[in-house]
Amino acid sequence: RHRRQAPVLRLGQDRGAELAVDGENQALIVFPAALFFLALGIAATTATFSVVYGVMLRPLPFPNADRLVRIVQLLPPRQGQTEPGRGGLTPEQITEWRASSRTIQEIGSHGYVAALAELPVPVRLNGAAVSVSLFRALGVMPDRGRIFSNDDEQPGAMPVALLSHRTWRTRVSSSEQILEQSITLNDRPHRVIGVMPDYFAFPSLASASVGLNSEGEFTVVPEFWTPLMPAKRPSGPATGGITLVPA
């Protein structure tokens, strides 16, 4: 059984088969098949634009979105390749640039953290460790409590944590008393200092290395955040400022 070719492909080859002009009324007549494919084409175009807008055009949901940039370094091409590779900065590079750069106001990094939490029963949560400076650069304030401060990343400081709005709502029943209380993450007590807004979803955990939480869910939005402790500043001469060049 042969499949009939889509009429939309015939429009350019045989206009009389799909479009006709009524000679008496000079009205354009569109047959249902053509109308259907026109509607289908519009729907496909709308869907494509939605994807492009969501991925490339829509601004980031942060107050300082127009000032945020992602920094990568070019690496030597791998064997058999001609294009240079791209990689992130090392913790030592970030510490050095944070201390010496006159161009960048804030710089930081983030990573994935899985934790067994007691809220109040043991559950597995997927979270993120984020540099204090990076969290500050995003400019998003919590619904309750405060964000990380420089004191939270100092050696010997008591571990602290921010909860996602969903974790606060589903794990502790939206309790206001959870602020400044201690919860256990991976057998270490952490003081809860804030609850982030429901829309806050940085960084995305969409990665094959992220496991399921206790509900068997693949969580793209972090369920909690902890400060990412900075690396020690490398010894040697300072690197000076950073020069921005076109990509």
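The structure this text deals with has already been given above.
Right, let's walk through the structure included here. The shown structure was predicted, so the numbers you read here are calculated from the model rather than taken from an experiment.

### Re the overall build of the protein
Okay, step 1: The secondary structure content of the protein amounts to five helices and eleven strands.
Okay, step 2: When burial is assessed residue by residue, the protein has 29% of its 247 residues classed as buried.
Okay, step 3: Summed over all atoms, the accessible surface of the protein reaches about 16,400 Å², with 56% contributed by carbon and sulfur.

### Describing the pairing of strand β5 (residues 110-118)
Okay, step 1: Pairing of β5 with strand β6 (residues 122-130) involves nine bridges; the strand directions are antiparallel. Pairing of His 110 across the sheet is with Val 130, part of β6.
Okay, step 2: Hairpin connection, β5 to β6: the antiparallel pair is bridged by three residues.
Okay, step 3: As paired strands, β5 and strand β9 (residues 182-185) are joined by two bridges and run antiparallel to one another. By the bridge assignment, Glu 118 is partnered in β9 with Thr 184.

### Concerning the packing of aromatic side chains
Okay, step 1: By the definition in use, this model includes four aromatic pairs.
Okay, step 2: With 5.1 Å between their ring centres and 70 degrees between their planes, Phe 135 and Phe 148 make a pair best called edge-to-face. On the criterion of sequence distance, the pair formed by Phe 135 in helix α4 (residues 132-138) and Phe 148 in the loop between β7 (144-145) and β8 (160-163) is long-range, its members being 13 residues apart.
Okay, step 3: For Phe 135, a relative accessible area of 1% corresponds to the buried category.
Okay, step 4: Exposure remark for Phe 148: the relative accessible area of 3% places this residue in the buried category.
Okay, step 5: Judged by centre distance (6.4 Å) and plane angle (85 degrees), the rings of Phe 135 and Trp 225 are edge-to-face.

Rules and cut-offs
Residues numbered from 1 in each chain as written. Predicted model: local features only at pLDDT ≥ 70, side-chain atom pairs only at ≥ 80, totals over all residues. Heavy atoms only, no water. Helix = DSSP H or I, 4+ residues; strand = E, 2+ residues; numbered from the N terminus. Buried < 20%, exposed > 50% of the residue type's maximum accessible area, 1.4 Å probe, protein only. Areas by Shrake-Rupley, 256 points an atom, 1.4 Å probe, with all protein chains shown as cover. Pairing = 2+ DSSP bridges. Phe/Tyr/Trp six-rings, centres within 6.5 Å; stacked < 30°, edge-to-face > 60°.

Any functional reading would require information that these geometric values do not contain.
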